[in-house]
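Notes for the structure review
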Amino acid sequence: MNPFRLLKLIARTGRIAEPAPAAPVADTEHPIPKALRGSVQVRHVDTGSCNGCEIEIGAAFGGVYDVERYGARLVASPRHADVLAVTGVVTHNMVEPLLRTVEATPRPRLVVAIGDCAHDCGLFAGAYGVAGPVSDFVDVDLEVPGCPPRPEAIVEALRRVTGR
Amino acid sequence: MIATLLVVLQVVVATAITPLLIGVMRQVRARLEGRIGSGVLQPYRDVRKLLAKEPLRAEGSSIILVAAPLVLLVSSLLVVALVPLVTTANIPAVPNDLFVVVSILLIGTVALALLGLDAGTAFGGMGSSRHMMIAALVEPTVLMSVYALSIPVGSSTLSKIVVARGADVTRVVTPAGLLAVVALVVVVLAETGRLPVDNPSTHLELTMIHESMILESAGRDLAWLEVGSWLRLTALLGLVVNLALPWGLADSMQPLALLVAVVTLGVKLLVAGGVIAAAEVFMAKVRLFKVPELLAGSFVLAFLAVTASYLAG
């Protein structure tokens, strides 16, 4: 693209991020590890999602909801991650990869189950390929309900972890 | 003794300012993309968090996984100590010679490449081979372009080059000087893994160079790797800005001179970093097979700079 056109577009568009909503109230019953304050790297694990949640995660990390402003960032390796964002029902083929991914994430780590499928298998409960919800296999620290959850809900869950 | 103190001060200042430089670069990019950005202090928070995490190491990995991050960090700190950033003084026992600096940079490069191979993952090996290819193309250009600047001075000691350029303004804006600085900028971007050679914020393993080598490191190991590669950016970018604008550096322990030196370094680095980050918004990563063409272009510029400085003196 012509750099001048791009420059004009940048000047005309300005800020696309929406104003930040009030910070969520900290949950005193399940405290978040202090070490993760202010900086959280997220590794996304799809264990059998319909990709609805993925679109919403993409939106949460996109320019409009901009969860990066609170210190959360997507990373490419579980070794770099503090939070595993698990979406979808756990299918038989994904049980082992899920357990291995959790094992490969250094402590302190949190597992966030995103969407109704991760919580209770949702629409896919009882299907032949489904092994169960995420909490049957790994300890879940936070849950984001919704089918699919709104980006605001994902942003709020991650803000609980970063505390910003 | 005074020289040693000055060099220690330079390392402390450069290390303290490095996360801020990275934070400013990310913030500039975020603002131009219409985002709010995570704030210029985010890299400090990232490093603090990484140091508090357990360094998880893969089963079957060797001592390299522990040692390579430390080797990279130490080599980067050494480069920061040798390159004239805050002071033009240097420790007599270790000359801040161009060839010494480039060799120490290569130690860090090789440590990173070995780290990529250590865990035996496919992406790590791919990253290492790409990294070595770029290193092989970058080092000659760094040598040639600084050599072009060293010819009029008659010494390949970096601090002497900076002092001589600072003393005589006509030396700064010569054809040879400009060509050499342009060539240096291109290779510094390649060496530190910035666009258009490597994308520092990518999540796509297949396109990664630097990131794919550190995929297996966690916690403390990852913190050292991040700080080590950020310090390389500070050192190389600082060298370029001090060669292009060789003013403000301190050569004595006078408090005022030191203050001026620290402030000018901060301003020069942050402005240069901001400009690079802004320019990156307008760029896409080039295909890996086009990278040698880009780097060959910068080598030609460096070669012309050497020719010009022989002809024009």
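Right above here is the structure, for reference.
Presented here is an overview of the structure given in this document. (Residues numbered from 1 in each chain as written. Chains lettered and ligands numbered in written order. Predicted model: local features only at pLDDT ≥ 70, side-chain atom pairs only at ≥ 80, totals over all residues. Heavy atoms only, no water.)

Description of the overall build of chain A
To keep things clear, this is the line we draw: Working definition: helices are DSSP H or I runs of at least four residues, strands are E runs of at least two. Numbering for both runs from the N terminus. Radius of gyration here is computed from C-alpha atoms only, and the compact-globule reference equals 2.2 Å multiplied by the residue count raised to the power 0.38.
A count of helical and extended segments in chain A gives five helices and seven strands. Helices and strands in chain A line up, N terminus first, as α-β-α-β-β-β-α-β-α-β-β-α. Relative to the 2.2 N^0.38 estimate, which gives 15 Å for 164 residues, the radius of gyration of chain A is 17 Å and therefore close to what a compact globule would have. Seen through its principal axes, chain A has C-alpha atoms that stretch 55 × 35 × 25 Å.

Here's the deal with the pairing of strand E5 (residues 110-114) of chain A
All names here are of chain A. Rule in force here: Exposed residues in this analysis have more than 50% of their type's maximum accessible area, buried residues have under 20%, and partly exposed residues fall in between, with area computed by a 1.4 Å probe over protein chains only. By the convention used here, strands pair only if DSSP detects at least 2 bridges between them.
A large share of E5 lies buried, amounting to five of its five residues. On E5, burial covers both faces: Leu110, Val112 and Ile114 on one face and Val111 and Ala113 on the other are all buried. Inspection of the sheet shows strand E3 (residues 83-87) paired to E5 by five bridges, in the parallel sense. Its bridge partner lying in E5, Leu84 is registered against Val111. Here E5 runs beside strand E7 (residues 142-144); their pairing, made up of three bridges, is parallel. Residue Ala113 lies in a different strand from E7, and its bridge partner there is Glu143.

Comments concerning the pattern of salt bridges
Two side chains with opposite charge may pair up if their charged atoms get near one another. Selection rule: Any Lys or Arg side-chain nitrogen located within 4 Å of an Asp or Glu carboxyl oxygen qualifies as a salt bridge.
Overall, the coordinates contain 14 salt bridges over all chains when judged by the stated rule. The salt bridge partner of B:Lys49 is A:Asp82, with a shortest N-O separation of 2.7 Å. Taken together, the residues B:Lys49 in helix H2 (residues 42-52) and A:Asp82 in the loop between strand E2 (72-74) and E3 connect one chain to another. The class of B:Lys49 is buried, set by a relative accessible area of 0%. Overall, the relative accessible area of 0% leaves A:Asp82 in the buried class. Between B:Asp221 and B:Arg57 there is a salt bridge; the shortest N-O distance is 2.9 Å. Residue B:Asp221 is found in helix H10 (residues 219-244), and its partner B:Arg57 is found in the loop between H2 and helix H3 (64-82); the two are separated by 164 residues along the sequence. Relative accessible area serves as the criterion here: at 2%, B:Asp221 is assigned to the buried category.

What about empty space enclosed by the protein?
To keep it simple, the criterion reads: Think of a 1 Å grid over just the protein atoms. A cavity is a set of points where a 1.4 Å probe fits yet cannot get out, a pocket is an open set with protein on both sides within 12 Å along at least five of seven lines, and lining residues have an atom within 4 Å of a point. Grid points are joined across faces, edges and corners, and a volume is the space filled by probe spheres set on the points. In this classification, Asp, Glu, Lys and Arg are treated as charged, Ala, Val, Leu, Ile, Met, Phe, Trp, Tyr, Cys and Pro as nonpolar, and every other residue, Gly included, as polar.
On inspection of all chains with the given rule, the structure shows three cavities of 30 Å³ or more. Of the voids in this model, the largest cavity is the one considered here, and its volume is about 50 Å³. Lining the largest cavity, in full, are A:Val42, A:Ile57, A:Phe61, A:Leu74, A:Val83, A:Ala85, A:Val112, A:Ile114, A:Ile154, A:Ala157 and A:Leu158. Taken together, the elements giving at least two residues each to the lining of the largest cavity come down to helix H2 (52-61), E3, E5 and helix H5 (151-162) of chain A. When residues in the lining of the largest cavity are grouped by element, the largest group, three residues, is from H5(A). Within the lining of the largest cavity, the residues separate by chemical class into eleven nonpolar, no polar and no charged. Empty space within the second largest cavity amounts to approximately 40 Å³. Lining the second largest cavity, in full, are B:Leu98, B:Val101, B:Val102, B:Leu105, B:Val142, B:Leu158, B:Leu236 and B:Leu239. When residues of the lining of the second largest cavity are traced back to their parent elements, those giving at least two are helix H4 (98-118) and H10 of chain B. By residue number, the principal contributor to the lining of the second largest cavity is H4(B), which donates four residues. Classifying every residue of the lining of the second largest cavity gives eight nonpolar, no polar and no charged.

Focus: the interface of chain B and chain A
What counts here: The contact criterion used throughout is that any non-hydrogen atoms of two residues lie within 4.5 Å. Accessible surface is computed with a 1.4 Å probe, and the buried area is the amount of it that two parts give up when combined, taken over both parts together.
Across the contact, 29 residues belong to chain B and 39 residues belong to chain A. When chain B packs against chain A, the two sides together hide about 2,700 Å² of surface, and 52% of this comes from carbon and sulfur. Our count for the chain B to chain A interface comes out at five salt bridges. Between B:Lys53 and A:Asp82 there is a salt bridge, with its nearest N and O atoms 2.6 Å apart. Only helix H1 (2-32) and H2 of chain B provide two or more residues apiece to the side of chain B that touches chain A. The dominant element in the side of chain B that touches chain A, judged by the number of residues it contributes, is H2(B), at six residues. Across the side of chain B that touches chain A, the residue classes tally to twelve nonpolar, six polar and eleven charged.

A look at H2(B)
Put simply, the rule reads: For this quantity, the arc is that covered by the directions from the helix axis to the C-beta atoms.
By the burial criterion, the buried members of H2(B) are B:Gln42, B:Pro43, B:Asp46, B:Val47, B:Lys49 and B:Leu50. Down the axis of H2(B), the buried side of the element spans an arc of 160°, and every buried residue falls inside it. As for H2(B), its buried residues are in contact with strand E1 (40-46) and E2 of chain A together with H1 and H10 of chain B.

Considerations on the sheet that holds E7(A)
Residue and element names in this part refer to chain A. Put simply, the test is: Note on definitions: angles span 0 to 180 degrees between N-to-C directions of axes, and those axes are lines fitted to C-alpha atoms, for helices only across the stretch in contact.
Spatially, five strands are ordered E2-E1-E3-E5-E7 in an open sheet, and the strand pairing comes out parallel. Every other strand in the sheet has two partners, leaving E2 and E7 as the edge strands with one partner each. This sheet shows a mean twist of 30° between the axes of neighbouring strands, independent of strand direction. For E1 and E2, the ladder comprises three bridges, and the chain directions are parallel. Looking at the pairing, Gln41 lines up with Arg73 of E2. Packing against the sheet, H2 makes contact with E1, E2, E3 and E5, and its axis sits at approximately 160° to E1.

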